[in-house]
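# Architecture at a glance
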Amino acid sequence: MNYHIMPPTGLINDPNGFIEWNGKYHLFYQWQPFKTGHGTKFWGHVSSTDLVHWEHEPIALAPSEWYEQDGCYSGSAVEQDGKLFLLYTGNVKEDDDRETYQCLAESSDGKTFKKHGPVLHLPKEYTAHFRDPKVWKKNDTWYMIIGAQTKKLEGRAVLFQSQDLKNWTRLGDVTGTNTDLIGEFGYMWECPDLFELGGKEVMVVSPQGVAPDGMLYHNEHQCGYLVGDLDYEEVKYRHGAFVEMDRGFEFYAPQTLVDAKGRRIMIAWMGMPDQYEQKHPTIPFKWIHSLTLPRELKLVGNKVYQVPLEEMKMLRGDGVSYAGAEMVNEEKQFDGVEGDVMELGLDDISGTFERLEITLRGNARFIYNKETKLATLERASFAHGQTESRHCYLEELNSLRIFVDKSSIEIFINEGEEVFSARQFAYPENKGYSFASKGYVSFDLNKWNLNKSAAAYQVQDERYA
Ligand code: FRU
C-alpha cells in the first residue's frame with residue numbers, strides 16, 4: 001500500500017487513540033507484530049502534521065502487565081493539563097475465561113507512556129466482553145462510552161462519567177439490543193464512538209451477530225451509525241435507525257477525532273474479523289490488513305456523509321483529464337487512465353443512461369443501474385475466486401471519486417453520500433480501467449497518479465504493497 005497505513009509486519013486491526021495533540025495528529029492501532037493473526041495486541045503508533053504523510057513512532061503500549069497480559073485492546077486518547085492520556089482495555093484470558101480492565105496511560109512527550117493500570121473494573125451486569133473505551137469532555141466532565149454484552153448476550157453501549165479520568169461512575173446503557181430504541185441487534189457491540197455532528201449526537205458502532213437483511217449486513221460483522229439526541233441528565237439517547245457506515249467489504253471499528261479546524265474525522269480498519277482471514281494474499285509476505293483513508297464526516301439531513309480530506313490533494317502527481325466525455329451503448333478505455341496507485345474522478349455524470357459500469361484492474365467492478373437505483377461493487381473473492389457483491393440504493397449518481405492503492409479501492413459517491421471500501425487483489429500487471437454504458441452518459445473524467453506517502457513500510461512485496 002503506497003499511501004495507506006499498513007503494519008510494518010504482522011497484523012493491524014482497529015485504529016485507536018486518534019487525536020490532534022500538541023500540533024500533531026497521533027494515531028495508534030491494534031497491532032500483532034509477530035504473526036499475521038490475532039492474539040496479544042500491542043498499540044502501534046504513527047504521527048502526522050497533515051493526515052497524509054505519517055511517521056512511524058515507537059510502540060506506544062506493549063502488553064507487559066498482569067491486567068493486559070493477553071493484549072492492550074482498543075481505546076482512545078484525550079488531553080488533560082497538556083498531557084496525552086490513553087484509555088484502553090486490558091485483556092486477560094485464562095483458558096475459556098476472560099477478564100477485562102479499562103486502563104489509563106499517560107505521556108508528556110507523546111512517545112513514551114507511563115501506565116497507571118486499571119481505572120475501571122467490570123460491572124456485574126455485563127460479561128467480560130466489555131471493552132473499547134472512547135472518552136470525550138463536555139462541560140468540564142469526562143464521559144466514556146464502552147462496548148458491552150449483557151449477561152443475556154445483548155450488545156450494548158454503556159455511558160460512564162468522571163472528573164479526573166481515574167474514578168468512573170456508570171450512568172447506564174444508552175442503547176443496544178433489546179432496549180426500547182432498537183430491537184434484536186447483535187450479541188456484542190464493539191468500538192462505540194459517540195460525538196456531536198451538525199447539532200446532533202452520532203454514534204458509530206460495530207455490532208456483532210446481526211443477520212443479513214435483504215441487501216444489508218452481508219459482512220461477517222457490521223459497522224454503522226445512529227443519529228439522535230443524547231440527554232446526559234436522563235441518560236437517554238433518542239436515535240433513529242441503524243445505517244451501514246460503508247457499503248463495501250472491508251470496513252470495521254472506526255474511530256473519530258475532532259481537530260483544531262473543528263473537523264470530525266474518521267478512520268477505520270479496512271479489514272474484518274472474518275473466516276477468510278487466513279486466505280489473504282499478503283500473508284506469504286508476512287503482513288495483513290491496513291487502515292482506510294481518513295474521511296471528514298458531515299451530517300446532511302440525518303445522513304452521515306464521508307468526504308475525502310482536502311489534504312489528499314497533496315498526493316496528486318501527473319494525470320490526464322477528459323472534459324465532457326461521452327459514451328453511448330459502448331465499452332471503452334481512456335488513454336492514460338491506468339495505474340495501481342491513483343485517484344479517479346467522474347464529475348457531472350449525466351444522461352439518460354440505464355447503466356454505467358467501471359471495471360477496475362480486471363477483477364472489481366462498480367455498477368450504477370439507474371432503473372433499479374442500485375449501486376453495486378462486485379469483485380472476485382480473494383478467498384474462493386467467485387464473484388461477490390455489495391449494494392446500496394442511490395437516488396442518483398452525480399459524481400465518483402475512486403482512490404486506488406496497490407491492494408485497495410475506496411469509492412466515494414456524490415461527495416461522500418455513500419462509500420464502498422474494499423481490498424482488491426488484482427493481477428499486479430493489470431492496471432487497466434474499462435468503462436461501459438447502456439444508453440447515453442456524459443461526465444468529466446480526471447485521473448491523477450498519487451505519490452507514495454510515508455505511511456507505507458518497505459516490505460518485500462511488490463505486488464500488493
Ligand atoms: C474490534 C476488536 C475490539 C478489540 C480489538 C482487539 O476489531 O475486537 O473490540 O478491542 O479488536 O484487537
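Just so it is clear, the model here is predicted, and its values are computed rather than measured.

Thresholds, definitions, all that
Residues numbered from 1 in each chain as written. Predicted model: local features only at pLDDT ≥ 70, side-chain atom pairs only at ≥ 80, totals over all residues. Heavy atoms only, no water. Buried < 20%, exposed > 50% of the residue type's maximum accessible area, 1.4 Å probe, protein only. Helix = DSSP H or I, 4+ residues; strand = E, 2+ residues; numbered from the N terminus. Pairing = 2+ DSSP bridges. 1 Å grid on protein atoms, 1.4 Å probe; cavity = no way out; pocket = protein on both sides within 12 Å on 5 of 7 lines; lining within 4 Å. Points joined across faces, edges and corners; volume = space filled by probe spheres on them. Nonpolar A, V, L, I, M, F, W, Y, C, P; charged D, E, K, R; others polar. Axes fitted to C-alpha atoms, helices over the stretch in contact; angles between N-to-C directions. Domains from an automatic or database assignment. Contact = heavy atoms within 4.5 Å. Buried area = accessible area lost by both parts, 1.4 Å probe. Near = heavy atom within 4 Å. Polar contact = N/O pair within 3.5 Å; in protein donor to acceptor, adjacent residues only side chain to side chain. Areas by Shrake-Rupley, 256 points an atom, 1.4 Å probe, with all protein chains shown as cover. Phe/Tyr/Trp six-rings, centres within 6.5 Å; stacked < 30°, edge-to-face > 60°. Lys NZ or Arg CZ within 6 Å of the ring centre and 35° of its normal.

## So, the pairing of strand β14 (residues 200–208)
A large share of β14 lies buried, amounting to eight of its nine residues. Taking the residues between adjacent antiparallel strands as the criterion, strand β13 (residues 188–197) and β14 are bridged by two residues, where G198 takes a positive phi near 55°. For β14 and strand β15 (residues 224–231), the ladder comprises five bridges, and the chain directions are antiparallel. Looking across to β15, one finds that V204 is bridged to Y225.

## Here's the deal with the layout of surface pockets
Taken as a whole, the largest pocket spans an internal volume of roughly 420 Å³. In this structure, the largest pocket is lined by 24 residues; those nearest its centre are V135, W136, K137, V258 and R264. Counting residues per element, the ones that place at least two in the lining of the largest pocket are β1 (10–21), β5 (72–80), β9 (126–138), β13 and β18 (252–258). Considering each element in turn, the lining of the largest pocket owes the most residues, five residues, to β9. Residues belonging to the lining of the largest pocket are distributed by class as follows: twelve nonpolar, two polar and ten charged. Around the second largest pocket, the lining is made up of 18 residues, and of these N13, H38, K41, Y73 and E190 lie nearest the centre. Of the residues that constitute the lining of the second largest pocket, the class distribution is five nonpolar, six polar and seven charged.

## Description of the sheet that holds β18
Strands sit in the order β18-β19-β21-β22 across an open sheet of four strands; the sheet is antiparallel. Looking at which strands have only one partner, the edges of the open sheet turn out to be β18 and β22 (303–308). The mean angle between the axes of side-by-side strands here comes to 40°, regardless of whether they run parallel or antiparallel. As defined by bridge partners, strand β19 (residues 264–269) adjoins strand β21 (residues 295–300) across two bridges and the pair is classed as antiparallel. Looking at the pairing, I265 lines up with E296 of β21.

## A short note on the sheet that holds strand β11 (residues 155–162)
Reading across from one edge, β9-β10-β11-β12 is the order of the four strands in this open sheet, with antiparallel pairing throughout. Only two strands of the sheet have a single neighbouring strand rather than two, namely β9 and β12 (169–176). Adjacent strand axes in the sheet meet at a mean angle of 25°, parallel and antiparallel pairs treated alike. Across six bridges, β11 lies against β12 in antiparallel orientation. Following the sheet pairing, L159 is matched in β12 by G172.

## Examining the domain arrangement of the protein
Along its sequence, the protein is organised into domain 1 (10–308) and domain 2 (316–450). Computed from C-alpha coordinates alone, the two centres of domain 1 and domain 2 are separated by 31 Å. Taken residue by residue, the interface counts 27 residues in domain 1 and 29 residues in domain 2. Between domain 1 and domain 2 lies a buried interface of about 2600 Å² when both sides are counted; carbon and sulfur atoms form 62% of it. The largest contributions to the domain 1 side of the interface with domain 2 come from M215, R247 and F249, which together make up 30% of the buried area.

## Description of the environment of P33
In this structure, P33 sits in the loop between β2 (24–32) and β3 (42–48). Remark: the alpha-carbon pair of P33 and G44, spanning eleven residues in sequence, is separated by 8.9 Å.

## A look at the site of the ligand
In the vicinity of the ligand, the contacting residues are N13, D14, Q30, K41, Y73, S74, R131, D132, E190, Y252 and W269. Here an oxygen atom of the ligand and a side-chain polar atom of N13 are 3.0 Å apart. A distance of 3.0 Å is found between an oxygen atom of the ligand and a side-chain nitrogen or oxygen belonging to K41. Contact with the protein chains hides 91% of the accessible area of the ligand, taken as 320 Å² for the molecule alone. For the shell around the ligand, the secondary structure elements donating two or more residues are β1, β5 and β9. Taken together, the residues of the shell around the ligand break down into three nonpolar, three polar and five charged.

## Quick word on unusual backbone geometry
The backbone of N139 shows a phi angle near 45°, a positive value even though the residue is not glycine. Phi is positive for N329, close to 40°, though the residue is something other than glycine. By secondary structure assignment, the location of N329 is in the loop between β23 (316–328) and β24 (331–332).

## What about the pairing of strand β33 (residues 433–438)?
The buried fraction of β33 amounts to five of the six residues, a majority that puts the element mostly inside the structure. Judged from the two bridges that link them, β24 and β33 form a sheet pairing that is antiparallel. The residue of β33 that forms the bridge with K332 is F435.

## Things to note about the packing of aromatic side chains
Tallied over the full model, the rule gives 22 aromatic pairs. Ring centres 6.2 Å apart and planes at 65° place the aromatic pair F334 and F443 in the edge-to-face group. Here F334 is found in the loop between β24 and β25 (342–350), whereas its partner F443 is found in strand β34 (residues 440–450), with 109 residues between them in sequence. Overall, the relative accessible area of 7% leaves F334 in the buried class. Joined through ring pairs, the aromatic side chains of F28, W43, Y88 and F113 make up one cluster. When the ring centre of F353 is taken as origin, the NZ or CZ atom of K370, which lies over that ring, is 4.4 Å away.

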